[in-house]
Amino acid sequence: AGQGFGMAVSIDGKPMAWGNNGACGAASAGGNLGDGTGTNRSTPVFIRRSAGVVDNNIASISSGDTWGFYVTVDNQILAWGNNALGYLGIGNTACQ
């Protein structure tokens, strides 16, 4: 879990997150839940790859203080959240 949020993989392989959904790029504690909003969540929501697409082949999931990432069973790595100092490893500092 990150700062004020948790993540898990459902029994059918879908990534989920809940808790503090600090605004992307914000310096405050919390992490972006990967649901495309800045809304805090008291119940799990699916982490979306893109506009409504939820993977169902997750092998593992983890987080940093204000970002998260998961690995699919075919070894794709997806990351999201605060990228102010390049935390996501995508070659830039754009929030994702």
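Residues numbered from 1 in each chain as written. Predicted model: local features only at pLDDT ≥ 70, side-chain atom pairs only at ≥ 80, totals over all residues. Heavy atoms only, no water.

1. What about the sheet that holds strand E1 (residues 5-9)?
Next, step 1: Taken together, the three strands give an open sheet; going across it, the order is E1-E2-E3, and neighbouring strands pair in antiparallel fashion. Strand pairing shows two members of the sheet lacking a second neighbour, E1 and strand E3 (41-46), which therefore form its edges. On average, adjacent strands in this sheet sit at an angle of 20° to one another, irrespective of strand direction. (Pairing = 2+ DSSP bridges. Helix = DSSP H or I, 4+ residues; strand = E, 2+ residues; numbered from the N terminus. Axes fitted to C-alpha atoms, helices over the stretch in contact; angles between N-to-C directions.)

2. Description of the environment of glycine 89
Next, step 1: Along the chain, glycine 89 falls in the segment after strand E6 (77-81).
Next, step 2: Its relative accessible area of 65% is what places glycine 89 among the exposed residues. (Buried < 20%, exposed > 50% of the residue type's maximum accessible area, 1.4 Å probe, protein only.)

3. Some remarks on the pattern of salt bridges
Next, step 1: Per the stated rule, a full pass over the model turns up three salt bridges.
Next, step 2: Between lysine 14 and aspartate 12 there is a salt bridge, with the nearest N and O atoms lying 3.8 Å from each other.
Next, step 3: According to the relative accessible area criterion, lysine 14 is partly exposed, its value standing at 24%.
Next, step 4: A relative accessible area of 44% places aspartate 12 in the partly exposed class. (Salt bridge = Lys/Arg side-chain N within 4 Å of Asp/Glu carboxyl O.)

4. Focus: the confidence of the model for the protein chain
Next, step 1: Confidence in the prediction of the protein chain, expressed as mean pLDDT, is 85, and 89% of residues score 70 or more.
Next, step 2: Per-element confidence in the protein chain is highest for E3, whose mean pLDDT is 95, and lowest for E6, whose mean pLDDT is 89. (pLDDT = per-residue confidence, 0-100.)

5. Some remarks on the packing of aromatic side chains
Next, step 1: Under the defined criterion, the tally for this structure stands at two aromatic pairs.
Next, step 2: On the numbers, 4.4 Å between centres and 10° between planes, the contact of tryptophan 67 with tyrosine 87 is stacked. Taken as a pair, tryptophan 67 in strand E5 (residues 67-72) and tyrosine 87 in the segment after E6 lie far apart in primary sequence, 20 residues in all.
Next, step 3: The interplanar angle of 55° and the centroid separation of 5.7 Å between the aromatic rings of tyrosine 70 and tryptophan 80 together place this pair among those described as tilted. Remark: tryptophan 80 occurs in strand E6 and tyrosine 70 occurs in strand E5; sequence separation between them is ten residues. We note that tyrosine 70, like tryptophan 80, is buried. (Phe/Tyr/Trp six-rings, centres within 6.5 Å; stacked < 30°, edge-to-face > 60°.)

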